[in-house]
Amino acid sequence: MTVELDEMKNAWTLLDRRLARQEALNLAAFREGRLDRLRKSLCPLKVGQIAQIVAGALLALLFAPFWVEHVDTPHLVVVGVSLHVYALMFIVSGARDLDLLRRIDYAAPVVGIQERLAKLRAWRIRIAPIFGAIGCVIWVPFVLWLFEVLFGVDVYAINPDVVWILVASGLGCLGLMLLFLKWAKQPRRERIAKYLEDSAAGRSIAKAQRFLDEVSDFAREA
C-alpha cells in the first residue's frame, strides 16, 4: 500500500512538472508571438521618424542659405532663422524617438519593456503641444519666405501692417489652442484628454502597449 502511494505521489509530481513545463512553453510561445507583433507595430513609427529626420535635414539646407544671404536685412534673418530652427526641431525630435525605440530590449521582462515604451509615449505627448504651438505661428515666416524666394517680394518692406495682421492671426490660433488644451484637462473631461494623449503618442505605441497588456494578462491567467 505504501509503495502504491509513493508511486501515485511520483506520478502526480511528474504530471505537475509536465504541466508546468507546458505552461511555460505556452507562455514563451505566446510572448514571442506578441512581441513579434509589437516590433512590427513600431516599424511605421520608426520609418516615420527617419522620414522626419530626412525632411528636417532637407528643410534646414533649404532655409539656412536664405538668412545667410540676407544677413543685412534683420527681419529676413528672423524669417530664415525661425524656419531653420523649426527644421532642426524635426531632426532632434525624430532622433530622440529613434533613440528611445533603440533602447527597447525585447528580451527583457514585460515590465522593463513597458517602462521603455512608457518613456517613449511620455516624450511624444510632451513634445506634441510644442510642435502644435509653433505650428500656429510658423506659417507666417514661411509665407514671407515663399514670397521672397518665388517672387522676390519683401512683404514686410512693402507693407509691414500685412505682416503684423498675419502675426496676430497666428497668435490668435495659438491662444485658441492653449484654451482648448486647458479646457480638455479640466475634471470630467478625462476621455477627451486621454484621446488627445493617445493621438499625440500615435497608433503604433497604442498597439504596442496593447500587445504587452495581452502578454501580462496571459501570464497572470497561466
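What you see is a predicted model, and the numbers here were worked out from it, not measured in a lab. (Residues numbered from 1 in each chain as written. Predicted model: local features only at pLDDT ≥ 70, side-chain atom pairs only at ≥ 80, totals over all residues. Heavy atoms only, no water.)

Between its first and last C-alpha, helix H3 (residues 110-151) extends 57 Å over 42 residues, near the 62 Å set by a 1.5 Å rise per residue. The largest bend in H3 is about 40°, located at Cys-136. Within two residues after H3, Gly-152 carries a phi angle of roughly 65°, on the positive side. (Helix = DSSP H or I, 4+ residues; strand = E, 2+ residues; numbered from the N terminus. Expected span 1.5 Å × (residues − 1). Bend = angle between axes of the 7 residues up to and from the residue.)

What follows deals with empty space enclosed by the protein. Within the structure shown, the criterion is met by one cavity of 30 Å³ or more. Reported here for the largest cavity is a volume of approximately 40 Å³. Considering the residues around the largest cavity, the lining is formed by His-75, Leu-76, Val-79, Leu-144, Glu-148, Val-153, Asp-154, Val-155 and Tyr-156. Of all the secondary-structure elements, those providing two or more residues to the lining of the largest cavity are helix H2 (74-102), H3 and helix H4 (155-158). Per-element tally for the lining of the largest cavity: the top contributor is H2, with three residues. (1 Å grid on protein atoms, 1.4 Å probe; cavity = no way out; pocket = protein on both sides within 12 Å on 5 of 7 lines; lining within 4 Å. Points joined across faces, edges and corners; volume = space filled by probe spheres on them.)

This paragraph deals with the pattern of salt bridges. Applying the stated criterion across every chain, the model contains eleven salt bridges. In this structure, Glu-214 engages Arg-34 in a salt bridge whose closest nitrogen and oxygen atoms are separated by 2.4 Å. Residue Glu-214 is found in helix H7 (residues 203-221), and its partner Arg-34 is found in helix H1 (residues 2-69); the two are separated by 180 residues along the sequence. By relative accessible area, which is 28% here, Glu-214 ends up partly exposed. (Salt bridge = Lys/Arg side-chain N within 4 Å of Asp/Glu carboxyl O. Buried < 20%, exposed > 50% of the residue type's maximum accessible area, 1.4 Å probe, protein only.)

Packing of H3 against helix H6 (residues 190-201) brings their axes to within 8 Å, and their N-to-C directions diverge by 105°. By the criterion of interaxial angle, the relationship of H3 to H6 is roughly perpendicular. Contacts between H3 and H6 pair Arg-121, Arg-124, Ile-125 and Ala-128 from the former with Lys-194, Glu-197, Asp-198, Ala-200 and Ala-201 from the latter. Across the contact of H3 with H6, the residue classes break down as four nonpolar, no polar and five charged. (Axes fitted to C-alpha atoms, helices over the stretch in contact; angles between N-to-C directions. Parallel < 35°, antiparallel > 145°, perpendicular 65-115°, else oblique. Contact = heavy atoms within 4.5 Å. Nonpolar A, V, L, I, M, F, W, Y, C, P; charged D, E, K, R; others polar.)

It is worth spelling out the environment of Asp-97 at this point. Looking at the element boundaries, Asp-97 is found in helix H2. Given the relative accessible area of 1%, Asp-97 is considered buried. Separated by 51 residues in the primary sequence, Asp-97 and Lys-46 place their C-alpha atoms 7.9 Å from one another. Sequence-distant contacts of Asp-97, that is, excluding residues within four places in its chain, are made with Gln-49, Leu-120, Trp-123 and Arg-124.

This brings us to unusual backbone geometry. Positive phi is not limited to glycine here, since Arg-188 has a value of about 70°. If you trace the backbone, Arg-188 turns up in the loop between helix H5 (160-184) and H6.

With that settled, consider a positive patch on the surface. Judged by side-chain charge, Arg-37, Arg-203, Lys-207 and Arg-210 come together as a positively charged surface patch. Per element, the largest residue contribution to the positive patch is three residues, and it comes from H7. By the element assignment, Arg-37 lies in helix H1. (Patch = residues over 30% accessible without salt bridge, like charges linked within 9 Å, V, L, I, M, F, W, Y side chains within 5 Å. Areas by Shrake-Rupley, 256 points an atom, 1.4 Å probe, with all protein chains shown as cover. Lys, Arg positive; Asp, Glu negative; His and termini not counted. Charge placed at Lys NZ, Arg CZ, Asp CG, Glu CD.)

Let us look at the packing of H2 against H3. Direction vectors running N to C along H2 and H3 enclose 155°, while the axes themselves pass 9 Å from each other. As the angle between them shows, H2 and H3 are arranged roughly antiparallel. Crossing angle aside, the handedness with which H2 passes H3 is left-handed. In terms of residue class, the contact of H2 with H3 is made up of 19 nonpolar, three polar and five charged. (Left-handed = near helix turned anticlockwise from the far one by under 90°.)

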